[in-house]
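Fold and geometry: a report
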Amino acid sequence: MRWMRMLGCCLTVMTLAACGSDGAGGKQGRLALRDGQSLDLAQECGVDLPQCPQGLGCIAIKLEGKTQARCVNEATLCTELVSCSGGTECAVLTSYPGQVVCSGKCTGSDCDNSVSNQP
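Residues numbered from 1 in each chain as written. Predicted model: local features only at pLDDT ≥ 70, side-chain atom pairs only at ≥ 80, totals over all residues. Heavy atoms only, no water.

Right, let's talk about the pattern of salt bridges for a bit. Scanning all chains against the criterion turns up 2 salt bridges. Salt-bridge contacts for R30 lead to D110; the nearest nitrogen and oxygen are separated by 2.3 Å. Of this pair, R30 sits in the loop between β1 (27-29) and β2 (31-33) while D110 sits in the loop between β7 (98-103) and β8 (111-113), and the two are 80 residues apart along the sequence. On the basis of relative accessible area, D110 is assigned to the partly exposed category, the value being 36%. Residue D112 pairs with R30 through a salt bridge whose shortest N-O separation is 2.6 Å. (Salt bridge = Lys/Arg side-chain N within 4 Å of Asp/Glu carboxyl O. Helix = DSSP H or I, 4+ residues; strand = E, 2+ residues; numbered from the N terminus. Buried < 20%, exposed > 50% of the residue type's maximum accessible area, 1.4 Å probe, protein only.)

See below:
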């Protein structure tokens, strides 16, 4: 009898977990530099590096699987420097360094699988 109760609990938990997943398979937008933009001249930044000049913020940007923290203008970061794929929107997470991510449901072939949904 006890094992049936445990089995019932396990099935309930699995059902609730499945309800939380979306139909897109956990896909997220891909971050990319806009045409003609580069991070080559942007100063590197981070915990053990010099602070960014006034007016610039230290933002971690993941491009092509590689994360780099650079001093950029946060006000124009999403409108002029980077873009997101699949109908997602650029967002900056508050931390140090800040992190730029693509937010929203990604549709189409230009999406990445979410890390939390990988085995």
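Continuing now.
On to the pairing of strand β6 (residues 89-93). Across 5 bridges, β6 lies against β7 in antiparallel orientation. Bridge pairing in β7 places E89 opposite S103. From the end of β6 to the start of β7, which pair antiparallel, there are 4 residues. (Pairing = 2+ DSSP bridges.)

The two faces of β7 differ: G98, V100 and C102 on one face are buried, but Q99, V101 and S103 on the other face are not. Relative to β7, strand β3 (residues 57-63) is paired through 2 bridges, and the arrangement is parallel. Counted as the bridge partner of A60 is Q99 from β7.

Turning our attention to the side chain of R70. Within the fold, R70 resides in strand β4 (residues 66-72). We note that R70 is buried and unpaired, the nearest opposite charge coming from E44 at a distance of 4.6 Å. Engagement of the side chain of R70 in a polar contact is seen with the side chain of Q68, the distance being 3.0 Å. (Lys, Arg positive; Asp, Glu negative; His and termini not counted. Polar contact = N/O pair within 3.5 Å; in protein donor to acceptor, adjacent residues only side chain to side chain.)

Summed over the entire model, instances satisfying the criterion amount to 5 disulfides. Through a disulfide, C106 is tied to C111; the S-S separation comes to 2.0 Å. Classification of the bridge connecting C106 and C111 rests on its S-S torsion, roughly -85°, and on that basis the disulfide is left-handed. Taken N- to C-terminal, the disulfide-bonded cysteines of the protein are connected 1-3, 2-4, 5-7, 6-8, 9-10. (Disulfide = S-S within 2.5 Å.)

Attention now goes to unusual backbone geometry. Omega for the peptide link from Y96 to P97 comes to -10°, which places this bond in the cis form. Looking at the secondary structure, you find P97 in the loop between β6 and β7. Positive phi outside glycine occurs at E64, with the angle close to 50°. Of note, E64 is situated in the loop between β3 and β4.

Distances and angles like these do not, on their own, reveal function.
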